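Examining the three-dimensional arrangement
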Amino acid sequence: MEWTGARYADQPTVEVTTWVAAPPGRVWALVSDVTRMPEMSEELQSARWAGDASGPAVGARFVGRSRHERFGEWETVSTVVACEAERVFAWAVGDPAEPSAVWRFELEPRDGGTELSQWMRMGPGRSGLSFAIDAMPEKEQKIVFVRLREFERGMTVTLEQIKQRVEA
C-alpha cells in the first residue's frame, strides 16, 4: 500500500483480490458465513448472528468480538447491507446510516474459478481509531495509513485462508 495522506473524514478504502480455483457457490458458502470468519482472521475472535438472524440476508445483524494488541478488545454489531448470493456480501459496522466501517466481499466468475475481492471503507461514523486521532490529531494521516496497512495485511491473510479451504 502506498502513502495516500488520507484522513479519516476522507473515508479511505483498501481492497485485496485473489483468484480461487472453485465456482462462486463454494466460495460464497464460506464468505457469507460470519461464524466462520474468526477461523481466518487474527483480529476477529468470534462472530454470531443476532436477534432472529440465522444467516446472510439484507438487514440481518451479527455481533463480532475483536482483539488488537494496541486497541485491546471490543465488540461491534454489524448489519448486512448487501447480500446477493454468489455475488456480494457486505455489512456496515455500527449504525448502518453512519457506520464506523463498511466491509464487502465480491465474487466474480473468472477463468473457471472465482475472482474474490475483499474491500473495506473507514467511516464516516466514529470508531476506535477516532480516539487515537483525537489524542494525536497531528498524526491523523499516519494513524489512518498504518491502520489501512494492517487491514490490507489481514485481508490478504483472510483471502489466502478462504482460498486454501475452498480449494482443499
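Calculation rules
Residues numbered from 1 in each chain as written. Predicted model: local features only at pLDDT ≥ 70, side-chain atom pairs only at ≥ 80, totals over all residues. Heavy atoms only, no water. Axes fitted to C-alpha atoms, helices over the stretch in contact; angles between N-to-C directions. Helix = DSSP H or I, 4+ residues; strand = E, 2+ residues; numbered from the N terminus. Parallel < 35°, antiparallel > 145°, perpendicular 65-115°, else oblique. Left-handed = near helix turned anticlockwise from the far one by under 90°. Contact = heavy atoms within 4.5 Å. Nonpolar A, V, L, I, M, F, W, Y, C, P; charged D, E, K, R; others polar. Pairing = 2+ DSSP bridges.

Let us now look at the packing of helix α2 (residues 128-135) against helix α3 (residues 140-167). Orientation of α2 relative to α3, taken along the N-to-C sense of each, is 150°, at an axis distance of 9 Å. One element, α2, and the other, α3, form an angle in the roughly antiparallel class. As for how α2 packs across α3, the hand of that crossing is right-handed. Between α2, through Leu 129, Ala 132 and Ile 133, and α3, the contact on the second element is made entirely by Glu 140, Ile 143, Val 144 and Arg 147. Taken together, the residues of the contact of α2 with α3 sort by class into five nonpolar, no polar and two charged.

Before going further, it helps to spend a moment on the sheet that holds strand β1 (residues 13-20). Spatial ordering of the open sheet is given by β1-β7-β6-β5-β4-β3-β2, a layout of seven strands whose pairing is antiparallel. Two strands lie at the open edges of the sheet, namely β1 and β2 (44-49), each paired on one side alone. Within this sheet the neighbouring strands show an average axis-to-axis angle of 20°, counted without direction. In the sheet, strand β5 (residues 88-93) pairs with strand β6 (residues 101-110) via six bridges, with the strands oriented antiparallel. Looking at the pairing, Trp 91 lines up with Trp 103 of β6. With respect to the sheet, α3 is in contact with β1, β3 (61-68), β4 (72-84), β6 and β7 (113-122), its orientation differing from that of β1 by roughly 20°.

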